[in-house]
Amino acid sequence: FGFLTAGLGQRLASRYGMRLIRWFALTTLVAAQLVVVAYTCLWAYRIRMHPVRDYGYLIHEFDPWFNFRVAQYLAKNGWFKFAKWYDYMSWYPIGRPIGTTTYPGMQFASIGIWKVMKLLPKAEWEMKWLEQLPKGWKTYFPGHGKLSFSSMSLNDVCVLTPAWFGGVATLFLVLLTMEASESTSAGVAAGLVMAIIPAHMMRSSAGEYDNEAVAVACFCATFWLWCRSIRTPQSWPWSILAGLAYFTAAATWGGYIFVNNMIGLHAAVLVALGKNNSDLYKAYTLWYVIGTSLATLVPVIGWSPLKAVEQMPTLLVFITFQLMQICDLTRHRTSRLANPWVFFAFRVGVFALAILVGAGVCWVLYSLGHFAPLGARIRGLFLKHKKTGNPLVDSVAEHSATSNQAYAQFLGDARFVAAVGLLFCWHQRTPAKIFPVIYAAVAWHFSGKMSRLMIICGPIVSMLAGYPVGIVVDWCLQQFLNLLCAPRPLAEPQKELRSGGMGSIFRVLWSYCQPMALPTEAQDTLKLLEDIHGQFPRPCRAIRCSVAIMVLVTGYVNIREPTKKFIRECEEIAPHMGHPSIVFKSGQGLITDYLDGYKWMKDNTPADARVMAWWDYGYQITGIGNRTSIADGNTWNHEHIATLGRTLTNPEKKAHNIMKHLADYVLVWAGGHGDDMGKSPHLARIANSVFPDTCGEDDPTCRKFGFTHTGEPTEMMASSFLYKAVKHNMEGVRLDPKLFKEVHTTKYGLMRIFKVLGVSEESKNWIADPANRKCDAPGSWYCVGQYPPALSKLIAKRKNFAQLEDFNRKDGEKSAYTRMVEEKMKREEAGWDDNI
């Protein structure tokens, strides 16, 4: 008996000892993965800092200057004044309600960071223990081992916000991948790709203070929390956090509609696959109610979740969940519905009645003009052709279709690994396993329609690229751990079996298909392998370890060079992702013409000066030059931009007759570096969409306003103000000195500023008089400026631009350009090829 007891004790000690070793190995592995994730986030931050090292703490491009100006106003005046901010320095003389047309989430984040940093004391730390590490290891630590902290200016915080949130987005992508793949190594691998993939860097380099820089992090956080909320029957409370994360996404960027529809589509697919249960109902209902309720508090969104056509699918899914829940509650209280077929018929009747009632309600609301039409950009995502029918939207390069070269540049070879990753999305037990498949399909479709949406491909390509690497590595590591001690079997989660729905249909189908999908011979083979493993566990584990070693060695040999190539390409493209545009490098050194031109304007023109330029430059005129602009990069008023285009493309004298009532100075970009000559055809097309006599109804693309095949300007181009201003005192071209005076040309001639002579003080004073503004109510802050009476004849010539999607508008004649696009659509649908 003593011998048996001693043997049992030794076996127990050995078993617990092996479990202790396994626990220690797992803890070490998790710690190592946490270190890698931390370094991955640091890497994401560092690779986005090239612009700061090259150009300093400088805001980039066009839109970021508007966002920075909004951040300045919000920091100085607070939320309540911001919400009622009607800006008369932009869109002169109409003005623009900034507070109700802006997504302020990014600005709130920046200001919050800025204020917290001011409260914290200045501190410095030096990690002296790093001296004990091998040479070169210090570079892998933040600050190379020397950490310092102090407050920053709001400008510097805004410059660094995109780089910071690049790291945050990487972290949330790691969590999302781990959740959907059920593999920690897949999450780590995905994070390494996400940190440096150009599709993510394109809008998150330091200085790129654009909404997407923060929005991607909010998107990844929302997706992770949503997937976490449906992991198990007890996980639905996580949907509360998912709703809050969705609110941050909605407050940050108009692309929140993508998140809205992705979650709605995922929930709908789960129902269609027979995965519906009370926990999915709770998760979706909580997410939708909390997220939508909070989103309506964002002024620019308002009630659009209940009015915008593009958000109706998610609302429809919500209503469907409520109807299914009502049917279930009725079934539990009525014994007659216990029969699956009776319940099925009952549910069909309920939905048929709901469809009839819903159709009637929608018809009434449609008649009342309740539904908001699809925007031109969103509508363009569903068109086969490359034009939306709106020349203003079509003029923006980032709204054009994505080329194969762009996919190669921004996604690299990671897109091929991601395609393989789709094969690894089917064995997991979590309902979130189908999410990356849906995300990939949606991202592939929409990114192909609009190059700007390449940014949504960054997370999913990184995520799926981590699948094959991480899942295979996890399997190999598991074999080594099993050699020490096999893990305890995981309990199967309890499934809520429902009858009378899609689940019943799939169960019946599987009962017929299982013998074909898994023949008896295959089942016997699997059972035999299990029996052998049960009788000879250690030899089987040793064999699996040998296989794991071969897999790891083979994988390392084959992916080493492609990985190095991908990293090298990302590192090479990173410095080019952060070009500020207002300064750039050339063979002559650092060219600061644009920045110097705006600074000259700020220092040498009156504070109330009005500057006319093409709408692209409006954000920089107000953001850097601090002067009133006629229009900026927003596209909210097509007719006003068309009026600006008409003015600039008019002959010199006619242009002056308009300018003297609206502007004190005129600014043009010249010198051939993306100058106004390159943009000039778009100016004329947009003007022609509202003023048909600009180019004529017979010339919707305004070929009259351009250059011949020999490079000579057409008659219309040669006589225009725009051409003469760009070419002033060059090639024999000169503006009339009685109408315009050149006051500044930058060092390399990239920006030219002219003073408008004979400015109408009467019109200027009339516009400045608050009594001449139209308010929506007495004493209201929302007061729209008006054009001066001297321009009434010009304004009377304008035609309301009726876009293809404006089904609520009965007025407005479609422009020649829009009709041309419609005809092209009809020909494409009929199978005609214009190239034949």
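The structure displayed is predicted, hence computed values, not measured ones.

When helices and strands are counted, the protein shows 32 helices and 13 strands. When each of the 836 residues of the protein is scored for burial, the buried share is 48%. Long-range pairs, those at least 24 residues apart, make up 73% of the contacts in the protein between residues at least 6 apart in sequence.

With that settled, consider the packing of helix 5 (residues 154-181) against helix 8 (residues 211-229). Between helix 5 and helix 8, whose axes approach to 8 Å, the crossing angle comes to 20°. Put simply, helix 5 runs roughly parallel to helix 8. Seen along the crossing, helix 5 lies across helix 8 with a hand that is left-handed. Contacts from T161, P162, F165, V168, A169, F172, L173, L175, L176 and E179 of helix 5 reach helix 8 at A213, V214, V216, A217, C220, A221, F223, W224, C227 and R228. Residues that form the contact of helix 5 with helix 8 fall into these classes: 17 nonpolar, one polar and two charged.

Time to look at the packing of aromatic side chains. Under the definition given, this model contains 36 aromatic pairs. Ring centres of Y86 and Y88 lie 4.9 Å apart, and the angle between their planes is 40°; this geometry places the pair in the tilted category. Here Y86 falls in the buried class, since its relative accessible area comes to 7%. With a centroid separation of 4.7 Å and an interplanar angle of 20°, the aromatic rings of Y288 and F318 are classed as stacked. Taken together, the residues Y288 in helix 11 (residues 278-295) and F318 in helix 12 (residues 312-333) connect sequence positions 30 residues apart. With respect to class, Y288 is no different from F318; both count as buried.

The next thing to look at is the state of the cysteines. Inspection of every chain in the model, using the stated rule, returns two disulfides. Paired by a disulfide, C695 and C702 hold their sulfur atoms 2.1 Å apart. Since a negative S-S torsion denotes a left-handed disulfide, the C695-C702 link at about 110° is right-handed. On the basis of relative accessible area, C695 is assigned to the buried category, the value being 2%. Disulfide pairing places C775 opposite C783 at an S-S distance of 1.9 Å. Judged by the torsion about the S-S bond (100°), the C775/C783 disulfide is right-handed. C775 gets classed as partly exposed once you look at its relative accessible area, which sits at 39%. Relative accessible area serves as the criterion here: at 10%, C783 is assigned to the buried category. If you count the bonded cysteines of the protein from the N-terminus, they pair up as 1-2, 3-4. The thiol of C218 is not disulfide-bonded; the next cysteine sulfur, from C220, is found 9.4 Å away.

Membership of the largest hydrophobic core comes to 195 residues, with the highest contact counts inside it found for F223, Y284, Y598 and L667. No other element matches the 13 residues that helix 8 contributes to this core. Ignoring any residue separated from it by four or fewer positions in sequence, one finds Y598 in contact with Y617, Q620, I621, I624, G625, L667, W669 and M751.

Here the focus is the pairing of strand 9 (residues 665-669). For strand 9, the buried fraction is high: five of the five residues fall into the buried class. Side chains of strand 9 alternate between two faces, with Y665, L667 and W669 and V666 and V668 buried alike. Two strands pair when backbone bridges link them, and strand 7 (residues 610-612) and strand 9 are joined in this way by two bridges, in the parallel orientation. Within strand 9, the position partnered with V611 by the bridge is Y665. Here strand 9 pairs with strand 11 (residues 751-756) via five bridges, running antiparallel. When the bridges of strand 11 are listed, V668 appears paired with R752.

Another point: unusual backbone geometry. Across the junction of Y92 and P93, the peptide omega takes the value 5°, indicating a cis bond. Among the structural elements, P93 can be located in the loop between strand 1 (86-87) and strand 2 (96-97). Of note, the phi angle at N626 is positive, near 55°, even though the residue is not glycine. One non-glycine residue, N729, adopts positive backbone phi at about 65°.

Once that is clear, we can look at the pairing of strand 10 (residues 740-745). Taken together, the five bridges between strand 10 and strand 11 define a ladder with antiparallel strand orientation. Each residue of the ladder has a partner; that of K741, found in strand 11, is K755. The loop that links strand 10 with its antiparallel partner strand 11 comprises five residues; one of these, G749, has a positive phi angle of about 75°.

Once that is clear, we can look at the sheet that holds strand 9. Consider a sheet: its strands pair through backbone hydrogen bonds, and that pairing is either parallel or antiparallel. Pairing in this open sheet of five strands is mixed, and the strands run 8-7-9-11-10 from one edge to the other. Each of the sheet's edge strands pairs with one partner strand only, and the pair in question is strand 8 (628-629) and strand 10. Pairing of strand 7 with strand 8, which is carried by two bridges, proceeds in the parallel orientation. Bridging across to strand 8, R610 finds its partner in T628.

Now for the pattern of salt bridges. Enumeration according to the criterion identifies 16 salt bridges in this entry. Between E179 and R231 there is a salt bridge, with the nearest N and O atoms lying 2.8 Å from each other. Taken together, the residues span a long stretch of sequence, with E179 in helix 5 and R231 in the loop between helix 8 and helix 9 (238-252) at a distance of 52 residues. A salt bridge links R203 to E212; the nearest nitrogen and oxygen atoms lie 3.6 Å apart. The class of R203 is buried, set by a relative accessible area of 13%. Through salt bridges with shared partners, a single ionic network connects R203, D210, E212 and R452.

Taken together, the side chains of W475, I543, V547, M550 and V551 make up a nonpolar region of the molecular surface, amounting to roughly 450 Å² of accessible area. Take the nonpolar patch: its biggest share by element is four residues, from helix 22 (residues 537-577). Its place among the elements puts I543 in helix 22.

On to the confidence of the model for the protein. Looking at the protein, the pLDDT average stands at 85 and 84% of residues meet or exceed 70. This model gives residues 803-811 a pLDDT under 50, and the stretch forms 30 contacts once residues within four places in sequence are excluded.

Attention now goes to the environment of N260. Inspection of the secondary structure assignment puts N260 in helix 10 (residues 256-272). By relative accessible area, which is 2% here, N260 ends up buried. Sequence separation between N260 and A250 is 10 residues; the distance between their C-alpha atoms is 9.0 Å. Apart from residues no more than four positions distant in its own chain, N260 is found in contact with Y246, W287, Q311 and T314.

As a further point, take helix 6 (residues 184-196). The terminal C-alpha atoms of helix 6, which comprises 13 residues, lie 19 Å apart, in line with the 18 Å expected from a rise of 1.5 Å per residue. Along helix 6, 11 of the 13 residues are buried, which leaves the element largely enclosed by surrounding structure. The backbone nitrogen of A186 has a side-chain oxygen 3.1 Å away, supplied by the residue at the start of helix 6, namely S183.

Let us look at the packing of helix 10 against helix 18 (residues 435-449). Interaxial distance between helix 10 and helix 18 falls to 10 Å at its minimum, and their mutual angle equals 130°. With respect to helix 18, the element helix 10 is oriented oblique. In the packing of helix 10 onto helix 18, the handedness of the crossing is right-handed. Residue-level inspection shows F258, M262, L265, H266 and V269 of helix 10 in contact with helix 18, the latter providing F435, I438, Y439 and V442. Of the residues that constitute the contact of helix 10 with helix 18, the class distribution is eight nonpolar, one polar and no charged.

Calculation criteria
- Residues numbered from 1 in each chain as written.
- Predicted model: local features only at pLDDT ≥ 70, side-chain atom pairs only at ≥ 80, totals over all residues.
- Heavy atoms only, no water.
- Helix = DSSP H or I, 4+ residues; strand = E, 2+ residues; numbered from the N terminus.
- Buried < 20%, exposed > 50% of the residue type's maximum accessible area, 1.4 Å probe, protein only.
- Contact = heavy atoms within 4.5 Å.
- Axes fitted to C-alpha atoms, helices over the stretch in contact; angles between N-to-C directions.
- Parallel < 35°, antiparallel > 145°, perpendicular 65-115°, else oblique.
- Left-handed = near helix turned anticlockwise from the far one by under 90°.
- Nonpolar A, V, L, I, M, F, W, Y, C, P; charged D, E, K, R; others polar.
- Phe/Tyr/Trp six-rings, centres within 6.5 Å; stacked < 30°, edge-to-face > 60°.
- Disulfide = S-S within 2.5 Å.
- Core = buried A, V, L, I, M, F, W, Y, C linked by side-chain atoms within 4.5 Å.
- Pairing = 2+ DSSP bridges.
- Salt bridge = Lys/Arg side-chain N within 4 Å of Asp/Glu carboxyl O.
- Patch = residues over 30% accessible without salt bridge, like charges linked within 9 Å, V, L, I, M, F, W, Y side chains within 5 Å.
- Areas by Shrake-Rupley, 256 points an atom, 1.4 Å probe, with all protein chains shown as cover.
- pLDDT = per-residue confidence, 0-100.
- Expected span 1.5 Å × (residues − 1).
- Polar contact = N/O pair within 3.5 Å; in protein donor to acceptor, adjacent residues only side chain to side chain.

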